[in-house]
Amino acid sequence: MIKLYNTYSKKVEEFKPLKDDIVRMYTCGPTVYDYDHIGHAWNYTQADFLRRMFEYNDFKVKQVMNITDVGHLTSDADTGEDKLEKRAHEQGKTAWELADFFTKIYLANRQKLNLEKPQVICKATDHIKEMIRLVQVLLDKEFAYEISDGIYFDTSKFKDYGRLSGNTLASLMEGARVEVNPEKKNSTDFAIWKFSAKGQKRQMEWTAFGKKGFPGWHIECSAMSMKYLGETLDVHTGGEDNIFPHHECEIAQSESSTGQKFVDYWFHSRFLMVEGQKMSKSLKNFYTLKDLEKKGFEALDLRYLFLTAHYRSPLNFTWSSLEAAKVARKKLNDFVLSIKGKGKVSKDYKETFLNKINNDLDLPGALALVWIMIKNNNISDNDKKATLLDFDKVLGLNLAKVKKEKIKIPKEVEKLVKQRELARKKKDFKKSDELRDKINELGYLVEDTDKGAVVKKK
């Protein structure tokens, strides 16, 4: 039995898909106006763990992920510039060029993190017709109204607005900031279609409702998710920053248009902190995968680190914790490489692993089980390897594809290793230790095995 915390009900529930063997899963993708950072990586990797968990339980998963390449404004109050157009102007590119550039980088980073590819990756700009139709349905049903700068959803007509985030409509209205747009019926109403400002020519705009305009950010996910997954989804994932207003608005407009429940299970990962602080360019703690690679880390080191924290707990990223993750992952790689024979998956460990991941995706517990198994002398190394590779279907550390690292040893180090071997044969252990220290100072480790000395890079 799978149990998952549902943000909507605020409790852990038994997971039951609408169809017995299929999970329809929508993942809120990136707004491609800048480099994706390790906070994004944390969020998308948690969604990947979730998908892998379903598949490990023999479900077929249809995952749909959007690419937001238009309509995401700099303010959640439906004001400000379009993030894509603003950044494109700053860099002297078109919005289309910028979106394509950052989309390619994002997809490449997904591969580095070993994230399974969604069956559908949909760009907002490819689904404008679907968004216009959805806006028209909301207008026809009188859940939306038009004012001078766009078409807005009337939140007072959706009684459950605020339930996902835990806010009441009354408290949201009472706590709203000074009204930016006095034409709106309610301070909480949100734009589902914006009209292009008079006298301004946008790079991305379409003719609809008698004027040039572009979609609101929230309407995009509703239109695309329902196109590919139907009116009711099994699971919708995202970061906790998406809960309000984005996902709150998705629920309101989707359920108002169809009269059906929009999502059965809402899955949200908490924020990633950096050295105990929120990630920010001003604090100079804004890191991308490229930044990590410059320091000698791989994306899978970061993935291992993500396994050490539960998705509903904030992860505090530190360089020392990433270093520890790198060392631990290397130990797993070395263990896999050291076993040549074939074994069988341990039924007992598999059952325990399944119980861990099925208990609200307890990956830290599952990872701890891996090390318990490896240290267990009552199970053969061959069976350990087979079981570990089976677990890796969820962990996603690519252990089955690990290859022995080819190291080019400098001649100076090779010379010291030979001298040390000679000292050991003469049982001059003092000299041997001195030579080991010199090898260490040059950045290499020497390990003594039955087959002779093995040299590794530190």
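Model, not experiment: these values are computed from the prediction.

Peer 1: In this structure, what is going on with the environment of L395? I would like to understand it.
Peer 2: Of note, L395 is situated in helix 13 (residues 381–395). Assessed through its relative accessible area of 0%, L395 is described here as buried. Remark: the alpha-carbon pair of L395 and T74, spanning 321 residues in sequence, is separated by 36 Å. Discounting residues that sit within four places of it in the chain, L395 has contacts with F49, R303, L307, F353 and V370.

Peer 1: Just to check I follow, could you spell out a negative patch on the surface for this structure?
Peer 2: Together, D428, D433, E434, D437 and E441 give the surface a local cluster of negative charge. If you trace the backbone, D437 turns up in helix 15 (residues 429–441). A relative accessible area of 43% means that D437 is categorised as partly exposed.

Peer 1: Explanation requested: helix 10 (residues 319–338) in the structure shown.
Peer 2: Since there are 3.6 residues in each turn of an α-helix, residues three or four apart along the chain are aligned in direction. Here helix 10 contains 20 residues, and its C-alpha end-to-end distance of 28 Å stays within 8% of the 28 Å for a straight helix at 1.5 Å per residue. Among all positions in helix 10, only S321, L322, A325, A328, R329, L332, N333, F335 and V336 are buried. Viewed along the axis of helix 10, the buried residues span an arc of 160°, placing them on a single side of the element. Seen from the open side of helix 10, the exposed residues pointing more than 90 degrees away from its buried face are S320 and K331.

Peer 1: In this structure, what is going on with unusual backbone geometry? I would like to understand it.
Peer 2: Between F244 and the following residue, P245, the backbone shows a cis peptide bond with an omega angle of 5°. Along the chain, P245 turns up in helix 7 (residues 243–258). With a phi close to 55°, F209 is a non-glycine residue in the positive phi region. One non-glycine residue, N398, lies in positive phi territory at about 60°. Along the chain, N398 falls in the loop between helix 13 and helix 14 (411–425). Look at N398 and you get partly exposed, because its relative accessible area is 28%.

Conventions adopted
- Residues numbered from 1 in each chain as written.
- Predicted model: local features only at pLDDT ≥ 70, side-chain atom pairs only at ≥ 80, totals over all residues.
- Heavy atoms only, no water.
- Helix = DSSP H or I, 4+ residues; strand = E, 2+ residues; numbered from the N terminus.
- Buried < 20%, exposed > 50% of the residue type's maximum accessible area, 1.4 Å probe, protein only.
- Contact = heavy atoms within 4.5 Å.
- Patch = residues over 30% accessible without salt bridge, like charges linked within 9 Å, V, L, I, M, F, W, Y side chains within 5 Å.
- Areas by Shrake-Rupley, 256 points an atom, 1.4 Å probe, with all protein chains shown as cover.
- Salt bridge = Lys/Arg side-chain N within 4 Å of Asp/Glu carboxyl O.
- Lys, Arg positive; Asp, Glu negative; His and termini not counted.
- Charge placed at Lys NZ, Arg CZ, Asp CG, Glu CD.
- Expected span 1.5 Å × (residues − 1).
- Arc of directions from axis to C-beta.

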